[in-house]
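Chain residues, written in single-letter form:
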Amino acid sequence: MSLRVNHHCHAHACTALVAPSLLMCRAHWAMVPNELRFPLLRAHRAGQCRDKRPSAAYLAAQRACVAHVARAEGHNKAADYYDAMAATWRAKAAAGDEP
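Residues numbered from 1 in each chain as written. Predicted model: local features only at pLDDT ≥ 70, side-chain atom pairs only at ≥ 80, totals over all residues. Heavy atoms only, no water.

What to know about the environment of Q62
- Looking at where Q62 falls in the secondary structure, it is placed in helix α4 (residues 56–72).
- Between the C-alpha atom of Q62 and that of A27, which follows or precedes it by 35 residues, the distance is 16 Å.
- Here Q62 is in contact with H10, L23 and L40, once residues within four sequence places are set aside. (Helix = DSSP H or I, 4+ residues; strand = E, 2+ residues; numbered from the N terminus. Contact = heavy atoms within 4.5 Å.)

Dropping the structure here:
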């Protein structure tokens, strides 16, 4: 039996369903500039969607992308939160402290 998991776009307040391998829906991903996309794609590890163990570098890049979209949509308080989370994960990545 196959278990289907609902996976939503990670953009703040978005409820669009996306494939588990995608961070965001097409509309929100289009808002992310390349200078934020590339670190996310570089930090992605094959199998992290299956084992649910992304690296600290991936989590930092993911939060930075979400923060950018939140700020672009006027969700400044949420963007500040995601920026703070990105900084926390960047520090963990730099220290070699993996989740």
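A closer look at the environment of C14
- Structurally, the position occupied by C14 is in the segment before α1 (26–29).
- Setting aside chain neighbours within four positions, we find C14 in contact with C9, C25 and H28.

A word on the nonpolar core
- Ranked by size, the top nonpolar core spans 24 residues in total, and within it C9, M24, L40, C65 and Y82 carry the most contacts.
- Those elements that place two or more of their residues in this core are α2 (34–43), α4 and α5 (76–95).
- In terms of residue count, α4 provides more of this core than any other element does, 10 residues in total.
- Among all residues touching L40, those that are not within four sequence positions of it are L23, W29, Y58, A61, Q62 and C65. (Core = buried A, V, L, I, M, F, W, Y, C linked by side-chain atoms within 4.5 Å. Buried < 20%, exposed > 50% of the residue type's maximum accessible area, 1.4 Å probe, protein only.)

Digging into the pattern of salt bridges
- In total, this model carries 4 salt bridges according to the counting rule given.
- Taking the shortest distance from any N to any O, the salt bridge between R71 and D83 comes out at 2.7 Å. With a gap of 12 residues between them, R71 in helix α4 and D83 in helix α5 connect regions that are remote in the sequence.
- On the basis of relative accessible area, R71 is assigned to the partly exposed category, the value being 35%.
- Look at the salt bridges and you will find they share partners, linking R71, D80 and D83 into a network. (Salt bridge = Lys/Arg side-chain N within 4 Å of Asp/Glu carboxyl O.)

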